[in-house]
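So you can see what is in the structure, the chains are spelled out below.
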Amino acid sequence: MFENLLVDLNVTRATALRFITVFPDNCKVTGNPFKTLRTMPFVQNLTLENTWINSSFMESVLKNVWLSSIYDLSFVNITYNEDTPEGFQFHTINHTINLCSVTFSGVNHYQYRYPKINMSFEAISNLTYLKFSGTGMNILPCKLLTALPSLETLDLSDNLLMDSGFWWIQCSYTSAFPKLRQLSLSKNRFVSLSFISEKMHQMKNLESLDLSFNSIKLDGDCSWPPQLTELSLANNNLGNSIFKYLSPYFERIDLSKTGITVIPSDLTAPALLSLYVDQNAITSISREVLAGLPKLQTLKAGSNPFVCSCDSYWFTTVLNKSLLPDWPSDYTCSTPPSFAGLSLSEYKPSELSCDTLLEVAVALPVIIVISAAIGLVFYKCDGVWYTKMLWVWIRVKRRGKKHSNMLRNVTFNYHAFVSYSHQDCDWVDSQLVPSLEGSGFSLCVHERDFIPGDWIIDNIINCVESSYKTLFVLSKHFVQSEWCNYELFFAQHRAISVQQDSLVFILLEPIPADSLPKKFLRLRSLLRQQTYLEWPKDERKQQVFWASLKSMLHMADKSMVLKDVAVAISDTVPLLTDQV
């Protein structure tokens, strides 16, 4: 019956045959149902799927396949049982073999022991493709490493292989799979990446290696052969350190779901064409990363918790999206919470908010213009002068509190002794004396209060010592007066020995420093250390001048013990300072 079916199929010149559950479970097949394959020259591919196969039937099928024109043989999801004590036996056949590809994908073993296989490797010496996937294999036969000289692709995925099972310690060889180009060890139990990288040097032509879905860890330096250009380490817990163990010759790297949190900015892979880093914990990818990947054509970085901030500005706005095969569906914002779930393609921050240099370039001219405008207004409104006067008032208050204890038991006859040149008497008589004495202050003026008959020097000393302050009216005439020099000397001496802030300077007119005589060099030093008041021509500023001067001379009563050295000037009067 089955043989007749094959004869009919041969008439159709079919090139591929796929038999699904061709025989029921526990069916004892007799005869040689696949013998007709030998006379079917057009069939190139044969697949047996979901079928119970025992060892004797397997031997019969393979013998017919070897004597046929079949190029590709596949067994998919089969149940294998040994029905003979010696297991599977297959010896050399003196016949030209066309078979180049064999696949075993999903083999369920009926018995609880290792299958016995005795077969000549000469029968499969022409294989270029071999797949043993999902077979429960945990040890690779030693001869298999060297007896397949034409093998180019080997798929041993979804087995129980470990480092010592693939490279069995009892095997002796110096090279393995001389023409092998692609090796898949995915979904096994490999552990040591350094050990695997060392063994890869035995495969002189290996170009692609799949180590995904293992238990691989970083346990030392890795040295990969230069001909290996494609490596998959997906679904291994490797972390960021894996980038240190990559070869500069790699062209394709799969690091999906490997625990990576950041791609180092100094990554250098000059030959890399494809990089997969999806399903990791990467929050952003910087411009510097791609600078070290000049040939990159594909970057798969979806399903990562991207942060929607300026760190992602370059990635979302500048990066060429043709590099991203999974854009934009797999790219969403993770943080901040206000953007959680938002597609990264919809997050469009402004260039100004994320470009620091641009922010500086825009802000600096604005700051300069505003500062210039404020400075101009400040200058036009005499802000410098008012600021100096405010500093004078502040220092007066601080000094008053500081020296109140020092002067607690000192009494004075005058609020101030006025030292001035007789050529400035008009200003003193018309402005200074009326203004201060009209406000209740007592002044000692030499033309009026010196005691007749006493020496001038004695009068100067007595007036300075009996006055709370010594007030100097400075002008060009002052620095030319010999007596003014004496008064300055005695007042300075008193300031050093008794009261440090007893000197008050009023500048009637500017005095160039180089115009001071040598005997007045101490005055230049005092003006650098002491605050002074400058007589303004503007009547509005003169009110502030008088308020500041009165605050400096104020005391409770000239015949009583001094209680407060300085009192706050009225809040309605602007207080400003001047200091060299």
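Residues numbered from 1 in each chain as written. Predicted model: local features only at pLDDT ≥ 70, side-chain atom pairs only at ≥ 80, totals over all residues. Heavy atoms only, no water.

A. Up close: the packing of aromatic side chains. Under the criterion given, the structure shown has 22 aromatic pairs. On the numbers, 6.0 Å between centres and 55° between planes, the contact of Trp224 with Phe250 is tilted. Residue Trp224 is found in the loop between β11 (208-210) and β12 (230-232), and its partner Phe250 is found in the loop between β12 and β13 (252-254); the two are separated by 26 residues along the sequence. The exposure classification of Trp224 matches that of Phe250, with both residues buried. Measuring from ring centre to ring centre gives 6.3 Å for Phe315 and Trp327, while their planes differ by 75°; the resulting arrangement is edge-to-face. Of this pair, Phe315 sits in helix α7 (residues 313-317) while Trp327 sits in the loop between α7 and β17 (333-335), placing them 12 residues apart in sequence. Here Phe315 falls in the buried class, since its relative accessible area comes to 1%. (Phe/Tyr/Trp six-rings, centres within 6.5 Å; stacked < 30°, edge-to-face > 60°. Helix = DSSP H or I, 4+ residues; strand = E, 2+ residues; numbered from the N terminus. Buried < 20%, exposed > 50% of the residue type's maximum accessible area, 1.4 Å probe, protein only.)

B. A look at the sheet that holds strand β21 (residues 503-507). Read across the open sheet, the 5 strands follow the order β19-β18-β20-β21-β22; overall the sheet is parallel. A strand with exactly one partner marks an edge of an open sheet, and here the two such strands are β19 (443-445) and β22 (532-534). Strand-to-strand, the axes of this sheet are offset by a mean angle of 25°, without reference to chain direction. Of the pairings in the sheet, the one linking strand β20 (residues 467-474) to β21 comprises 5 bridges and is parallel in character. (Pairing = 2+ DSSP bridges. Axes fitted to C-alpha atoms, helices over the stretch in contact; angles between N-to-C directions.)

C. Region of the structure containing the state of the cysteines. For the structure on display, the rule yields 1 disulfide. Across a sulfur-sulfur distance of 1.6 Å, Cys308 and Cys333 are joined as a disulfide pair. Note on the Cys308 and Cys333 pair: the S-S dihedral is about -60°, so by sign convention the disulfide is left-handed. Of the two residues, Cys308 is situated in the loop between β16 (306-307) and α7 and Cys333 in strand β17; the sequence distance between them amounts to 25 residues. When its relative accessible area of 4% is taken as the criterion, Cys308 is described as buried. For Cys333, a relative accessible area of 4% translates into the label buried. The structure places no disulfide on Cys463, whose sulfur is separated from the nearest cysteine sulfur, that of Cys444, by 3.1 Å. (Disulfide = S-S within 2.5 Å.)

D. Quick peek at the side chain of Thr36. Mapped onto the secondary structure, Thr36 falls in the loop between β1 (16-20) and β2 (45-49). Not counting residues within four places of it along the chain, the set of residues in contact with Thr36 comprises Glu3, Leu6 and Val7. (Contact = heavy atoms within 4.5 Å.)

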